[in-house]
Amino acid sequence: MKKFFNYKYGRKMFFIFAAIGTLFLIVAQCGFSKTIQLILMIIGAVFVLGGYLWMFILYKCPHCDTRLPWDGGLPNHCPSCGEKLN
Ligand SMILES: [Zn+2]
């Protein structure tokens, strides 16, 4: 179970969560009643925020716990301690 809680998984989960959340937000615009629309938008927002939170908590160097940069791809080496990431 521990291997799922590393930086790589955190990054993957962020994209999955954000995609699901965005999907809910789009579907919510498709002419449902106000109540259903609101529920869909809340679910969507929870997924997007949950994705960010997951990334915020898990996307960091396994060696020195420094948060990794969010822009661009996964770095090969930690920008802080220089340890190889893989
Ligand atoms: Zn590091």
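This text goes with the structure placed above it.
All of these numbers come straight from a predicted model, not from anything done at the bench.

**What about the nonpolar core?**
Part 1: Counting residues in each nonpolar core, the largest one holds six residues, listed as Phe14, Phe17, Phe47, Trp54, Met55 and Tyr59.
Part 2: Elements with a minimum of two residues in this core: helix H1 (7–27) and helix H2 (34–58).
Part 3: A total of three residues in this core trace back to one element, the largest contributor, which is H2.

**Some details on H1**
Part 1: Compared with an ideal rise of 1.5 Å per residue, which puts 21 residues at 30 Å, H1 spans 30 Å between its outermost C-alpha atoms and is within 8% of the ideal.
Part 2: Residues of H1 that are buried make contact with H2.

**Here's the deal with the packing of H1 against H2**
Angle between the axes and distance between the axes: these two values describe a pair of packed helices.
Part 1: Relative to each other, H1 and H2 sit at 165°, their axes nearing to 7 Å. Between H1 and H2, the angle falls in the class roughly antiparallel. In terms of crossing hand, the pair formed by H1 and H2 is left-handed.
Part 2: Split into classes, the residues belonging to the contact of H1 with H2 amount to 20 nonpolar, six polar and one charged.

Definitions and cut-offs
Numbering of residues begins from 1 in every chain and follows the order in which that chain's sequence is written. Whole-chain, interface and lining totals are the exception, using all residues; otherwise, since this is a predicted model, local features are given only for residues with pLDDT of at least 70 and side-chain atom pairs are given and counted only at 80 or more. When buried Ala, Val, Leu, Ile, Met, Phe, Trp, Tyr and Cys residues are joined through C-beta atoms within 7 Å, the set is termed a nonpolar core. Here a residue counts as buried when 20 or more other C-beta atoms fall within 10 Å of its C-beta, as exposed when 12 or fewer do, and as partly exposed in between; the C-beta atoms come from the backbone. A helix here means a DSSP run of H or I that spans at least four residues, while a strand means a run of E at least two residues long, and both kinds are numbered starting from the N terminus. Expected span of a helix: the number of residues minus one, times 1.5 Å. Contacts here follow a simple rule: the backbone-placed C-beta atoms of the two residues must lie within 7 Å. Helix axes use the C-alpha atoms of the stretch in contact, all axes being lines fitted to C-alpha atoms, and the angles between their N-to-C directions lie in the range 0 to 180 degrees. An angle below 35 degrees is read as roughly parallel, one above 145 as roughly antiparallel, one from 65 to 115 as roughly perpendicular, and any other as oblique. Two helices that cross are described as forming a left-handed crossing if the nearer one is turned anticlockwise from the farther one by less than a right angle, and a right-handed crossing if clockwise. Amino acid classes used here: Ala, Val, Leu, Ile, Met, Phe, Trp, Tyr, Cys and Pro are nonpolar; Asp, Glu, Lys and Arg are charged; the rest, including Gly, are polar.

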